[in-house]
Amino acid sequence: MTIKLMFSNAVQNSKEILRFIKEFNSDLGTVFGDGDRNVIKLFDLDGKTINIKSFKIPNIVNKIAYKYFRKSKAKRSFEYATILLKNGIGTPQPLAYFENFNSIGLRDSYYVSEHLEANLTFRELVEIPDYPDNENILRQFTKFTFDLHEKGIEFLDHSPGNTLIKNEENNTYSFYLVDLNRMNFHESMDFDMRMKNFSRLTPKKEMIAVMSNEYAKYYTESESEVFEKMWQFTIQFQDEFARKRRLKKKLKFWKS
């Protein structure tokens, strides 16, 4: 058994974090979220709440890949969070990652960060049309995404649950990215790449209209061109998503 462990400079009590990881499957800590794929637990560390994410144990192919060819999701999450913060992009403070390897490959892995209490996620803007200050939040989120793109950051999981939003003073909002293990970093991002990055966020045309209006204020393309391209990629994603759901239902039917 081989263990790889990395702490950030912000960590003062590494022994306690290691204890939390080793006892993750015990009654210690509080489960956060539904734990459908990965399990997240909250722990008290010297009066502060930290968040430990236990990634789903990979299949045999990925066990080998994560040992010899690719960085684990835990390691990527830690490294990408560090890059985001260096670029002035909000994300919970990374604290550590832990990898446990056996003779075959990666056995289990964990990502540790500070836990951030948010007022909402982007999902509320989609599901609650009359959410207070909805359009203002949406426009500030669009500017936040534009700033990501200007820095060459392509967040591949830019989806409704992966942006935490905090209400600050004077109707201003701060945005924090989570679920960080899928990102690309570029010297620059072209128009199609930027517009495709909005495709997973919402199927609502009226929200796309607001975001395209705001994005066009900062970009070289016209509002109509931004809207058409953003909406085109949204439809493509929704069609593909619906196709996959139909396929899953068919497979579930044949297995039953």
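Residues numbered from 1 in each chain as written. Predicted model: local features only at pLDDT ≥ 70, side-chain atom pairs only at ≥ 80, totals over all residues. Heavy atoms only, no water.

1. A look at helix H2 (residues 60–68)
Piece 1. Among the residues making up H2, those that are buried are Lys-63, Ala-65 and Tyr-66.
Piece 2. Where H2 begins, the side chain of Asn-59 points an oxygen toward the backbone nitrogen of Val-61, at a separation of 3.2 Å. (Buried < 20%, exposed > 50% of the residue type's maximum accessible area, 1.4 Å probe, protein only. Helix = DSSP H or I, 4+ residues; strand = E, 2+ residues; numbered from the N terminus. Polar contact = N/O pair within 3.5 Å; in protein donor to acceptor, adjacent residues only side chain to side chain.)

2. Re a positive patch on the surface
Piece 1. Together, Arg-37, Lys-56, Lys-244, Arg-245 and Lys-248 give the surface a local cluster of positive charge.
Piece 2. Mapping Lys-56 onto the fold places it in the loop between strand E4 (48–54) and H2.
Piece 3. By relative accessible area, which is 59% here, Lys-56 ends up exposed. (Patch = residues over 30% accessible without salt bridge, like charges linked within 9 Å, V, L, I, M, F, W, Y side chains within 5 Å. Areas by Shrake-Rupley, 256 points an atom, 1.4 Å probe, with all protein chains shown as cover. Salt bridge = Lys/Arg side-chain N within 4 Å of Asp/Glu carboxyl O. Lys, Arg positive; Asp, Glu negative; His and termini not counted. Charge placed at Lys NZ, Arg CZ, Asp CG, Glu CD.)

3. Examining the pairing of strand E3 (residues 39–45)
Piece 1. For E3, a buried count of five out of seven residues is recorded, marking the element as mostly surrounded by other parts of the structure.
Piece 2. Both strand E2 (residues 30–32) and E3 contribute to a ladder of three bridges, which runs antiparallel. Note on E3: the bridge partner recorded for Val-31 is Lys-41.
Piece 3. Pairing of E3 with E4 involves seven bridges; the strand directions are antiparallel. By the bridge assignment for E4, Asp-44 is matched with Thr-49. (Pairing = 2+ DSSP bridges.)

4. Brief notes about helix H1 (residues 14–22)
Piece 1. Listed in full, the buried residues belonging to H1 are Ile-17, Phe-20 and Ile-21. Buried residues along H1 cover an arc of 100° about the axis, so they all sit on one side. Among the exposed residues of H1, those pointing more than 90 degrees away from its buried face are Lys-15 and Lys-22.
Piece 2. Looking at the buried positions of H1, the neighbouring elements they touch are strand E1 (2–7), E3, E4, strand E5 (94–101) and strand E6 (106–114). (Arc of directions from axis to C-beta. Contact = heavy atoms within 4.5 Å.)

5. Structural notes on the pairing of E4
Piece 1. The buried count for E4 comes to five of seven residues, which makes it a mostly enclosed element.
Piece 2. Hairpin geometry of E3 and E4 is characterised by an intervening segment of two residues between the two adjacent antiparallel strands and by a positive phi of about 55° at Asp-46.
Piece 3. Two elements, E4 and E6, share five bridges in a ladder whose sense is antiparallel. Residue pairing across strands places Asn-51 opposite Ser-113, the latter belonging to E6.

6. Things to note about the sheet that holds E4
Piece 1. If you walk across this open sheet you meet the six strands as E1-E5-E6-E4-E3-E2, and the pairing is antiparallel. The sheet is open, and its two borders are formed by E1 and E2, each paired with just one other strand. Pairwise comparison of adjacent strand axes, ignoring direction, gives a mean angle of 25° for this sheet.
Piece 2. The strands touched by H1 are E1, E3, E4, E5 and E6; relative to E3, the strand with the most contacts, the crossing angle is about 145°.
Piece 3. Contacts from helix H3 (residues 73–86) reach E1, E5 and E6, with the element oriented near 160° to E5. (Axes fitted to C-alpha atoms, helices over the stretch in contact; angles between N-to-C directions.)

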